[in-house]
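# Structural characterization, general
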Amino acid sequence: SAFATLFKQGKSPEEFIASGTAEQIADLRRWQAMLESQTAAIEKALAPAQGVAGDFRLLVAAEMWCPDCHRNIPPMALLCQRLPNIAMAIISRDEAAPFLTLPGVDKVKIPMAVLLDNAFTPAGAFIERPASVVNGDAQQLEAYRRGERLVETISDISAMIAAFR
């Protein structure tokens, strides 16, 4: 499938991060450090996906110039580090044309992560920001911009995995 091909072409989170400028890498690492300090919240966010059988893949369209990618790639990478049955690959927005075949997707907003099952069939998508921010008000957006919603990226994807049972 197109998703399988893209996954094989994708970069690891480390390769993706290394492609950025020093300034972009520093920005991403700042959010990563903030996220990693939230140990209890991370455990709670991972809980729904723990013990779900089967292998999953997270195919992410992202660009290192994008501030939303700086905030959301670290939680996605952490989720994949902590859950051994989930692998992650990152492609560019230009490579993500197959994402437009998904229901309700008319353009690729980055970062966009498509959760794929064992057969590379899409089982859910995370688009640009956590759902609470996308569906929220100006206060939610400000909290997100301050880095207070980093763990929600893990929660949203964890819930997609749990729903797959």
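Details of the structure are given in the entry above.
Residues numbered from 1 in each chain as written. Predicted model: local features only at pLDDT ≥ 70, side-chain atom pairs only at ≥ 80, totals over all residues. Heavy atoms only, no water.

## Section: helix α3 (residues 22-36)
Here α3 is 15 residues long and its end C-alpha atoms lie 21 Å apart, about the 21 Å a rise of 1.5 Å per residue gives. Of the residues making up α3, those classed as buried are Gln24, Leu28, Trp31, Gln32 and Leu35. Looking down the long axis of α3, one finds its buried residues gathered within 105 degrees of arc, a one-sided arrangement. Looking at α3, the residues exposed on the side facing more than 90 degrees away from the buried face are Ala22 and Glu23. Considering only its buried residues, α3 is in contact with α2 (13-18), α4 (39-46), α5 (67-82), α7 (138-145) and α8 (150-163). (Helix = DSSP H or I, 4+ residues; strand = E, 2+ residues; numbered from the N terminus. Expected span 1.5 Å × (residues − 1). Buried < 20%, exposed > 50% of the residue type's maximum accessible area, 1.4 Å probe, protein only. Arc of directions from axis to C-beta. Contact = heavy atoms within 4.5 Å.)

## Describing the packing of aromatic side chains
Under the criterion given, the structure shown has three aromatic pairs. The aromatic ring of Trp31 is capped on one face by Arg30, whose charged end is 4.5 Å from the ring centroid. Directly above the aromatic system of Tyr144 lies the positively charged group of Arg71, at a separation of 5.2 Å from the ring centroid. (Phe/Tyr/Trp six-rings, centres within 6.5 Å; stacked < 30°, edge-to-face > 60°. Lys NZ or Arg CZ within 6 Å of the ring centre and 35° of its normal.)

## A few points about the pattern of salt bridges
Counted by the stated rule, this structure contains six salt bridges. A salt bridge links Arg82 to Glu43, with the shortest nitrogen-to-oxygen separation between them at 2.6 Å. Separated by 39 residues along the polypeptide, Arg82 in helix α5 and Glu43 in helix α4 bring together distant segments of the chain. Residue class for Arg82 comes out partly exposed when judged on its relative accessible area of 34%. Judged by relative accessible area, which is 34%, Glu43 ranks as partly exposed. (Salt bridge = Lys/Arg side-chain N within 4 Å of Asp/Glu carboxyl O.)

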